[in-house]
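Below are the chains, spelled out letter by letter.
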Amino acid sequence: MGNRVLLVYFSGTGGTKRIADTFEDSFIQKNYAVTKYSLEKAEYELFKEMNKNLLEEMNLILLLYPVYATEAPILVHEWINSLPISLNIPAVVISVSGGGEVWPNTSCRVNVIKAFEKKKYNVVYERMMVMPSNIFTPVNDHVAMHLLKCIPEKVNKIVNDILNGKKRRTRLHISTYFFSLMHNERKTKKFAKSLSVKDSCTACGWCVKNCPRENLKMEAGTPAFGDLCIGCFRCIYGCPHRSIYLKKGDKFVLKDGYDIDGVEKRMQNIPLEPIEKCCKGLLFIGVKKYLLEKD
Ligand SMILES: Cc1cc2nc3c(=O)[nH]c(=O)nc-3n(C[C@H](O)[C@H](O)[C@H](O)COP(=O)(O)O)c2cc1C
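Bear in mind the structure is a predicted one, so any value in this text is a computation, not a measurement.

The rules behind each value
Residues numbered from 1 in each chain as written. Predicted model: local features only at pLDDT ≥ 70, side-chain atom pairs only at ≥ 80, totals over all residues. Heavy atoms only, no water. Patch = residues over 30% accessible without salt bridge, like charges linked within 9 Å, V, L, I, M, F, W, Y side chains within 5 Å. Areas by Shrake-Rupley, 256 points an atom, 1.4 Å probe, with all protein chains shown as cover. Salt bridge = Lys/Arg side-chain N within 4 Å of Asp/Glu carboxyl O. Helix = DSSP H or I, 4+ residues; strand = E, 2+ residues; numbered from the N terminus. Buried < 20%, exposed > 50% of the residue type's maximum accessible area, 1.4 Å probe, protein only. Contact = heavy atoms within 4.5 Å. Polar contact = N/O pair within 3.5 Å; in protein donor to acceptor, adjacent residues only side chain to side chain. Phe/Tyr/Trp six-rings, centres within 6.5 Å; stacked < 30°, edge-to-face > 60°. Domains from an automatic or database assignment. Buried area = accessible area lost by both parts, 1.4 Å probe.

Examining a nonpolar patch on the surface
Moving on, step 1. A contiguous nonpolar surface patch, about 300 Å² in accessible area, is contributed by Leu172, Tyr177 and Leu181.
Moving on, step 2. Relative to the helices and strands, Tyr177 resides in helix H7 (residues 174–181).
Moving on, step 3. With relative accessibility at 35%, the residue Tyr177 sits in the partly exposed group.

Laid out in structure tokens, this is it:
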């Protein structure tokens, strides 16, 4: 294999970005040339222009995205749809979830891989990685730190696997297939429709500047939402005044916000509890399995 890697990712709240950055470092350390870009609106438009020429020079595509209710964010599909057909480039698909490789998360790569294969890309490796969840169930700081600390070792292993030609494809179970047929876009749109702004908004424009879809505009001193929201929660957690909320579904949003840098600061000098002790309960089965897995 030649030494050029195209690393494409989307990250709503920074978890997947951390992993993408670590992949970039790992490939560079092994003398690979990495072209990395995120599927944010502006970068994506620019890339669409040069997609074909750039791809012809690549020896590997590495795609990373967060899991949204059994699927990839819609912009991942938009990107794959924009690719030229049949360049025979090997592709690696890494999904990043809060809950790990458990049902129904197991469906989250099925349609992405189908879309790649429809375009005649050769998906050689797929895998779930786990980050502290940004939805519904917060993980305690010890679990979060275990998840952050294991990234370099896990990434290094995956990069070695790929470079050694190891193939890794998940066998499809009937339930996985069934869930992959259920479109989640409607659910995400529901989230998006109920986004609202509290009086505490100062019209600072953070949300307008940072929305990955450029889906917000300032109208008469209040952010107004368009139709392109993918439900990534960036505006909800990133708003400096916590002024953006969901009228329907606010129970899914973590009350204390989502801040992985903050966890690292808080936990700097605190010894970590063993995984078996801090990672308990049904909801954390997949997280525990991920932290303890050897392969
Ligand atoms: C709308 C939405 C739906 C999600 N659905 C799931 C899910 O079905 N299973 C899961 O394990 N995590 C789910 N998550 C959690 C994210 O996959 C996880 O926190 C991921 O690390 C976020 O990556 P990011 O920080 O790069 O955006 C969801 C998050 C959002 C915002």
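Some points on helix H5 (residues 141–149)
Moving on, step 1. For H5, the tally of buried residues reaches 7 of 9 residues, placing the bulk of the element in the interior.
Moving on, step 2. Buried within H5 we find His142, Val143, Ala144, Met145, His146, Leu147 and Leu148.
Moving on, step 3. Where H5 is buried, its residues contact helix H1 (15–29), strand E5 (122–130), helix H6 (151–163), helix H11 (260–266), helix H12 (275–278) and helix H13 (285–292).
Moving on, step 4. A distance of 2.9 Å separates the backbone nitrogen of His142 from a side-chain oxygen at the start of H5, and that oxygen is part of Asn140.

Here we look at the packing of aromatic side chains
Moving on, step 1. One pass over the structure, following the stated rule, counts 6 aromatic pairs.
Moving on, step 2. Summarising the aromatic geometry, the rings of Trp79 and Phe116 are spaced 6.1 Å apart at their centres and angled 90° between planes, so their arrangement reads as edge-to-face. Separated by 37 residues along the polypeptide, Trp79 in helix H3 (residues 74–82) and Phe116 in helix H4 (residues 110–118) bring together distant segments of the chain. Considered together, Trp79 and Phe116 belong to a single accessibility category, that of buried residues.
Moving on, step 3. Considering the side-chain rings of Phe136 and Phe252, the 5.6 Å spacing of their centres and the 45° angle between planes classify their relative orientation as tilted.

A word on the domain arrangement of the chain
Moving on, step 1. Looking at the assigned domains, one finds that the chain contains domain 1 (4–181) and domain 2 (185–252).
Moving on, step 2. In this assembly, domain 1 packs against domain 2 so that about 1300 Å² is buried in total across both faces, 59% of it on carbon and sulfur atoms.
Moving on, step 3. Of all residues in domain 1, Lys41, Ile74 and Phe136 bury the most surface against domain 2, accounting for 32% of the area lost on that side.
Moving on, step 4. Taking the shortest distance from any N to any O, the salt bridge between Glu78 and Arg213 comes out at 2.8 Å.
Moving on, step 5. Between the two partners, domain 1 and domain 2, sit 6 residue pairs in polar contact (both at pLDDT 80 or more).
Moving on, step 6. Considering each element in turn, the side of domain 1 that touches domain 2 owes the most residues, 3 residues, to H3.

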